[in-house]
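Single-letter residue listing:
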Amino acid sequence: MKFAITSRGDQVSNTLMERMKTYLLDFHLEHDEDEPDIVISVGGDGTLLYAFHHYQHRLDKTAFVGVHTGHLGFYADWTPDEIEKLVIAIAKTPYQVVEYPLLEVIIRYTTGEKEARSLALNECTVKSVEGSLVMDVEIKGQQFETFRGDGLCISTPSGSTAYNKSLGGAILHPSLHAIQIAEMASINNRVFRTIGSPLVLPGHHTALLKPVNYADFQITIDHLTLLHQNVKSIQCRVANEKIRFARFRAFPFWQRVRDSFVCD
């Protein structure tokens, strides 16, 4: 088996990374940064997001596992004092693959330049660089509303516990083949009206955001933020690709939610 390890970059995470690399090599596993079968993320959820984007070109061949060196994460389920146990499991135990849905974002431009396609593990957010965001929202090819407000957040089920939750969105189990649209400070009065509630779209429905006015947009894909100009439309739907996690033990989603938001 070929493996790669990514680190958050702090001293604790780097030390753990080197220890795990040494242990795995002692078990005669092959270290391969280019074509790993398994990627071990040492740090937090942000570190795993980085690893996901680095290896998104081979999602059908690579599985991910996380070790958290800070607070409990939704993607990192192993602790530093368990790395020997994890190494033995990787070296000796066939792992179960758990797949989570991803968000596909396609940005098209009025200038005719090539469309930009991205995958998000957590979410995509759309904001106007200046003033309120004004977007026509089409769902499954039909006009749904004209949104006016600070912005829109389109999230995956696994990302529903992140920015989406802070916007009042629902927490979705990652086994659901769906995406969610949550509003950021929408404008609602006698003239302007939005749905005012998060929307959950099934896998066969596509959301299309169309700018009403010419504007520059700040569009984030997980932790990556870029300025986009001359935007014609932003298409969001459940991607055909999925992320694969290597599971060596039970990691119940609702227990993670409880540990993160309910328990002391």
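Residues numbered from 1 in each chain as written. Predicted model: local features only at pLDDT ≥ 70, side-chain atom pairs only at ≥ 80, totals over all residues. Heavy atoms only, no water.

Peer 1: Can you break down helix H1 (residues 11-26) residue by residue, with the values?
Peer 2: Here H1 contains 16 residues, and its C-alpha end-to-end distance of 23 Å stays within 8% of the 22 Å for a straight helix at 1.5 Å per residue. Inspection of H1 places Ser-13, Leu-16, Met-17, Met-20 and Leu-24 among the buried residues, and these make up the whole buried set. One side of H1 holds all its buried residues, which, seen down the axis, span an arc of 105 degrees. Seen from the open side of H1, the exposed residues pointing more than 90 degrees away from its buried face are Gln-11 and Asp-26. (Helix = DSSP H or I, 4+ residues; strand = E, 2+ residues; numbered from the N terminus. Expected span 1.5 Å × (residues − 1). Buried < 20%, exposed > 50% of the residue type's maximum accessible area, 1.4 Å probe, protein only. Arc of directions from axis to C-beta.)

Peer 1: Describe the environment of Ile-83, with residues and values.
Peer 2: Positionally, Ile-83 belongs in helix H3 (residues 83-92). Measuring from C-alpha to C-alpha, the distance between Ile-83 and Ile-234 comes to 42 Å, with 151 residues separating the pair along the chain.

Peer 1: Mind laying out the nonpolar core, listing which residues take part and the relevant values?
Peer 2: Ranked by size, the top nonpolar core spans 28 residues in total, and within it Val-126 and Ile-234 carry the most contacts. Within the second largest apolar cluster, 21 residues are counted, among which are Met-17, Ile-38, Val-65 and Val-87. (Core = buried A, V, L, I, M, F, W, Y, C linked by side-chain atoms within 4.5 Å.)

Peer 1: Describe H3, and please don't skip the residues or the numbers.
Peer 2: The complete set of buried residues in H3 reads Ile-83, Leu-86, Val-87, Ala-89 and Ile-90. On an axial view of H3, the arc spanned by its buried residues comes to 160 degrees, and they lie on one face. Facing away from the buried side of H3 by over 90 degrees, the exposed positions are Lys-85 and Lys-92. Contacts from the buried residues of H3 go to H1, strand E3 (38-43) and strand E4 (63-68). (Contact = heavy atoms within 4.5 Å.)

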